[in-house]
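Descriptive analysis of the structure
These are the residues of each chain, in order.
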Amino acid sequence: MPVTDVNSYVTEFERFDEAHGASSPSWLRAMRQKAMTRFTALGFPTTRQEEWRFTNVAPIAERVFRLSVDGGEGLRKEHLKPYRFATSDVLEIVFVNGRFAPQLSAVDDLPAGVSVRHLAGVLSHDPGRVAAHLARHADFENQPFAALNTAFLSDGAFIEIAPNAVIGPPVHIIFVSVSAGEVSHPRVLVLAGRNSQVRLVESYVGLSLSRTATFTNAVTEIVLDDGAVVDHCRVQRETAADAFHISTTQLRLAHSSAFTSHAFTFGGAIVRNDVNVLLAGEGGDCTLNGLYLADGSRLVDTHTFIDHARAHCGSHELYKGILDGRARAVFNGKILVRPDAQKTDAKQTNKTLLLSDDAQINTKPQLEIFANDVKCTHGATVGQLSADALFYVQSRGIDRRAAIQMLIRAFAADITGRVKIDPLREHLDRVLLEALAIGGEADPADAGSHDGHGETEVRT
Amino acid sequence: MLDIANLHARVGDREILQGIDLKVGTGEVHAIMGPNGSGKSTLAGVLAGRTEYLVTEGSATFDGRDLLAMAPEERAREGLFLAFQYPVELPGVNNAYFLKAALNAVRRHRGEPELDAMDFMAMVRERMKLLDIDPAMLNRPVNEGFSGGEKKRNEIFQMAVLEPRLAILDETDSGLDIDALKIVASGVNALRSPVRSTIVVTHYQRLLTYIVPDYVHVLSEGRIVKSGGKDLALELEEKGYGWIEQEEGLGLKA
């Protein structure tokens, strides 16, 4: 492992620890130090490691990213308008480069049963609230990016839902990255009390105008107590061609709890999303849906890991990708069914639509099943737009380009259609439409010798 | 309305149409019959603009305009409709949305105002009754999960909404039971008018009892070898395609 890549981070950490260490709770300081030690030992992953075989993070490792200092003083609420799905009936907390931005947030009028706070404040005044769970779930011992995030843990979102509370408005956490050449480590901790219900949305937005690369290294931990029901949506819109986005979403589900997540990835130079779910109690149910778009020479890598540690749990994964240009995608879905996890019901599906000859997907299920009374299915399809379907649509009077758009949107609507927050779903449909209009012009079929294409000009 | 002259077409390196001559006047119903492999569906496909067929010789004009130079969507907007032999499923594309988009594309082309959702639904409801279509079907993805008969009925339903001037029915009767057949036929007949024409491509005479043709043509090995009135269909039914072979001194595949 090339230790040289980590040097700048080590130096930065020493400065950071000196500045913040003494004023942090001792358990946090110790945890950060341990995380940094682990990061230094592990180094950035290389393609020689199985988990990173198709995703080369050298472009991230080779650059020096300064720890972000810009708190986004120049930002106004209007700048965020394109990224907000509702202006009322939503609880918004905004972070700029990982730091809480109170002037852009709206968390004053909270309904009973939910608290939406920033970690820096909690760690300063009330660290006991998070000590049991913060950084206890996302593995920073073996995962370098989670370790790096944990080493620099100082701020982020802390959402706590009281037992039996059913929260009406969705909670929207917006992480804005505005600085070029810098790294930020967005952090989220959600504790959903027994039988509570909440809807969460995480948005990652890039507003950097400069052409220098940005690096967002996010970790989200969501802990569901018995019977809790959490509906989660993750929207990644750091779409600059030079944006690097690495994320770890760690879930722990207790007895009879239910978690549904819809992840939308709209680009970035290298995007790697790890979603790890521990089904720690009987009767837990987890649904992971995802849609990723990539064109140009982007790379989107999704790794999921579902650990069926108890019996009678269900997991359902549906990930779809739309690739154009020379984009590459990776999907790796690991499912572990432990020996006592009888009556497990696990399903995993990955579907990819290739709009160009050079787009590529590496898709792999990894099933390790040690119980004998289980149901586990997995499947993957990769293909282009159906020529038959395209002709059928055209034969009804719809021009070829509109027909292509219609079919691509239909493919994507399978995922957006599952988002239950109505204004969010409509917002995503619009964002998707825009994203596809830019990327979806490529005609998937061969030029060949067919009669004209496109517009209504009459040729006689 | 439609004038086909010496049309030759191939798929890959196989010559399928080997010189088709056919004139379809406005208001006429023509049946195209023939044994399997004779080129019936190829003819329908070439007229609709399927890209796998390459026209190597001949011409086809639609109201005097070069049909073969038009993209498939243009032909549809000009008023040509193909009822597919194997209607395609479009997962994720809502039936109502699809039809409205198609109808408005045709209307825009004709310089007519587009229909809004309400007017569209009113117009569509009428057609659904005619074809005994469950209203719930409108909200389902196009053809997804439909039985064979339902798919064929959906083709005729689309036709009833789009009101084409030239309808080409490609083996619409295959896979239909007698009740479904009657419903489909009544849908087709409801559109029959002095300003519309229909080409019915079929292997069996059965459908032609309900959609009575003005002319019947027999296709064999890519050519029309015999033409006649509606009684020709009955004769064929009785005597089989082999009879044509003997009559014409040809090597027909039965």
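Think of each chain on its own: its residues are numbered from 1, step by step along the sequence as written. Chain labels run from A onward and ligand labels from 1 onward, assigned in the order the entries are written. Totals for whole chains, interfaces and linings use all residues, but because this is a predicted model, local features are given only for residues with pLDDT of at least 70 and pairs of side-chain atoms are given and counted only at 80 or more.

With that out of the way, let us pick up the overall build of chain B. Only DSSP runs of H or I with at least four residues qualify as helices, and only runs of E with at least two residues qualify as strands; both kinds are numbered from the N terminus onward. If you tally the helices and strands in chain B, you get 9 helices and 12 strands. As a reference, a globule follows 2.2 Å times the number of residues to the power 0.38, and the radius of gyration itself is taken over C-alpha atoms. In terms of overall dimensions, chain B is globule-like: its C-alpha atoms have a radius of gyration of 18 Å, near the 18 Å expected for 254 residues. Projected onto its principal axes, the C-alpha coordinates of chain B cover approximately 60 × 40 × 35 Å. To sort residues by burial, count the other C-beta atoms lying within 10 Å of each one's C-beta; a count of 20 or more means buried, 12 or fewer means exposed, and anything in between means partly exposed. C-beta atoms are built from the backbone. Looking at chain B residue by residue over its 254 residues, the buried ones come to 43%. Note that contacts rest on C-beta atoms placed from the backbone: two residues are in contact if these are within 7 Å. Taking the intrachain contacts of chain B between residues at least 6 apart in sequence as the baseline, contacts between residues at least 24 apart amount to 70%.

Attention now goes to the interface of chain B and chain A. The interface is formed by 29 residues belonging to chain B together with 25 residues belonging to chain A. When residues of the side of chain B that touches chain A are traced back to their parent elements, those giving at least two are β5 (65–66), α2 (72–78), β7 (90–94) and α3 (95–109) of chain B.

All names here are of chain B. One requirement defines pairing of two strands: DSSP has to find at least two bridges between them. Taken in spatial order, the 4 strands of this open sheet run β2-β1-β4-β5, and their pairing is antiparallel. What marks the edges here is a single partner per strand, and that holds for β2 (14–24) and β5. Bridging between strand β1 (residues 2–11) and β2 involves 8 bridges; their strand directions are antiparallel. Each residue of the ladder has a partner; that of Ala9, found in β2, is Leu17. Helix axes are fitted to C-alpha atoms over the stretch in contact, other axes to C-alpha atoms as well, and angles between N-to-C directions run from 0 to 180 degrees. The strands that helix α1 (residues 40–48) touches are β1, β2 and β4 (54–62); relative to β2, the one it contacts most, it runs at about 70°.

This brings us to the nonpolar core. Core analysis: the biggest nonpolar cluster contains 203 residues, and Leu407 of chain A together with Ile168 of chain B have the highest contact counts within it. When residues in this core are grouped by element, the largest group, 10 residues, is from helix α8 (residues 400–416) of chain A. Apart from residues no more than four positions distant in its own chain, Leu407 of chain A is found in contact with Leu385, Ala389, Leu390 and Val393 of chain A. The nonpolar core is taken to be a set of buried Ala, Val, Leu, Ile, Met, Phe, Trp, Tyr and Cys residues joined by way of C-beta atoms within 7 Å.

Moving on: the environment of Val201 of chain B. Residue and element names in this part refer to chain B. Relative to the assigned elements, Val201 resides in strand β10 (residues 197–202). Val201 sits in the buried class, given 25 other C-beta atoms within 10 Å. Separated by 32 residues in sequence, Val201 and Leu169 place their C-alpha atoms 5.8 Å apart. Here Val201 is in contact with Ile32, Lys40, Ser41, Ala44, Ile168, Leu169, Asp170 and Glu171, once residues within four sequence places are set aside.

Let us look at the environment of Asp177 of chain B. Among the secondary structure elements, Asp177 of chain B is positioned in the loop between β9 (166–170) and α6 (178–191). Its 9 C-beta neighbours within 10 Å are what place Asp177 of chain B among the exposed residues.

What follows covers the sheet that holds strand β3 (residues 29–33) of chain B. Residues and elements named next belong to chain B. The strand order β6-β9-β10-β3-β11-β12 describes an open sheet built from 6 strands, whose pairing is mixed. Because the sheet does not close on itself, it has two edges, and the strands there are β6 (80–83) and β12 (223–228). In this sheet, neighbouring strand axes are inclined to one another by 20° on average, regardless of whether the strands run parallel or antiparallel. Looking at chain direction, β9 and β10 are connected through 5 bridges and run parallel. Residue Leu166 lies in a different strand from β10, and its bridge partner there is Ser197. Against the sheet, helix α5 (residues 148–162) contacts β6 and β9, and its axis sits at roughly 165° relative to β6.

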